[in-house]
Amino acid sequence: KAGVTQTPRYLIKTRGQQVTLSCSPISGHRSVSWYQQTPGQGLQFLFEYFSETQRNKGNFPGRFSGRQFSNSRSEMNVSTLELGDSALYLCASSGGQGGSGANVLTFGAGSRLTVL
Amino acid sequence: DAKTTQPNSMESNEEEPVHLPCNHSTISGTDYIHWYRQLPSQGPEYVIHGLTSNVNNRMASLAIAEDRKSSTLILHRATLRDAAVYYCIFWRAASYDKVIFGPGTSLSVIP
């Protein structure tokens, strides 16, 4: 079956712009979570959605937002980009109720954002 | 928070077994232990997970200590394709914000 698809794979923006990243989960998965990965901070949790509702949110400023659609596809948006937002943004999907511990995460390949 | 401790790096010869340790002293009784690995330029990939008993799958084995405060990922015969960063985490039910991916262990496989 198809894996988790993230688009775009690479993008370059300038400071002050905004960006929208997309994630299509595995068919049937209703939980989608987002992560930021940087060399200095490692993998950090951004937020998690289940059935169009945000259930969990990490410690990131309000410039980072997301949403989930009825088909479970998810988008994340970063407004007023800063140089420090340059990172690999990963999304993962999970089946069942998501995050129960018994369910595993399937990650996409990520979207590499460079802010100049 | 759900923090784990792993060695920063390890080396193994090709075709030999590898034991990757992880400490998770703050784990609670209902937390599952998960292992993921990340190859260069890819997203993390699921390896194995378990609750209390040792687990085996086609990729690896997971040995969980009796007190559950530590675990070991066992790759039975390391191949060059196993060179990756290995992350050990434990999952508190639906509490994604409590899950912390540490720096992981960077495994090098020597031909």
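Worth saying up front: this structure is predicted, and the values here are computed from it rather than measured.

Moving on: the nonpolar core. If you look at the biggest cluster of nonpolar residues, it comprises 21 residues, and the most contacted ones within it are A:W34, A:L46, A:F64, A:M76 and A:Y89. Mapped onto this core, the elements with two or more residues apiece are β3 (19–24), β4 (31–38), β5 (42–50), β8 (74–78), β9 (87–94) and β11 (111–115) of chain A. When sequence neighbours within four positions are dropped, the list of residues in contact with A:L46 reads A:W34, A:Y35, A:Q36, A:K57, A:G58, A:F60, A:F64, A:M76 and A:Y89. B:I27, B:I64, B:A84 and B:L107 belong to the second-largest nonpolar core, a separate cluster that totals 20 residues.

Residues and elements named next belong to chain B. What the four strands build is an open sheet, ordered β2-β7-β6-β5; its pairing is antiparallel. Two strands bound the open sheet, and with one partner strand each, they are β2 (18–23) and β5 (55–56). As paired strands, β5 and strand β6 (residues 61–64) are joined by two bridges and run antiparallel to one another. When the bridges of β6 are listed, N56 appears paired with S61.

Attention shifts here to the sheet that holds strand β8 (residues 84–91) of chain B. Sheets are built from strands paired through backbone hydrogen bonds, the pairs being either parallel or antiparallel. Residues and elements named next belong to chain B. If you trace the five strands from one edge of the open sheet to the other, you get β1-β9-β8-β3-β4, paired in mixed fashion. The open sheet is flanked by β1 (9–13) and β4 (45–50), the only strands paired with a single partner. In this sheet, adjacent strand axes meet at a mean angle of 25 degrees when their direction is disregarded. The pairing of β8 with strand β9 (residues 105–110) spans three bridges and is classified as antiparallel. Bridging across to β9, A84 finds its partner in L107.

Each value, and the rule that gives it
- Each chain has its residues counted from 1, running along the sequence as written.
- The lettering of chains begins at A and the numbering of ligands begins at 1, in the order of writing.
- Reporting in this predicted model follows two pLDDT cut-offs: at least 70 for local features of residues, and 80 or more for side-chain atom pairs to be given and counted; totals over whole chains, interfaces and linings ignore these cut-offs and use all residues.
- Side-chain numbers here rest on the full set of heavy atoms in the structure, without hydrogens or water.
- Residues belong to one nonpolar core when they are buried, are Ala, Val, Leu, Ile, Met, Phe, Trp, Tyr or Cys, and are joined through side-chain atoms within 4.5 Å.
- Partly exposed describes any residue whose relative accessible area lies between the buried limit of under 20% and the exposed limit of over 50%, with all areas from a 1.4 Å probe on protein chains only and scaled to the type maximum.
- Helix and strand assignments follow DSSP, with helices taken as H or I runs no shorter than four residues and strands as E runs no shorter than two, numbered in order from the N terminus.
- Contacts are assigned to residue pairs that have any heavy atoms within 4.5 Å of one another.
- Pairing between strands is defined by DSSP: at least two bridges between the two strands are required.
- For helices, the axis comes from a line fit to the C-alpha atoms of the stretch in contact; other axes are also lines fit to C-alpha atoms, and the angle between any two N-to-C directions lies between 0 and 180 degrees.

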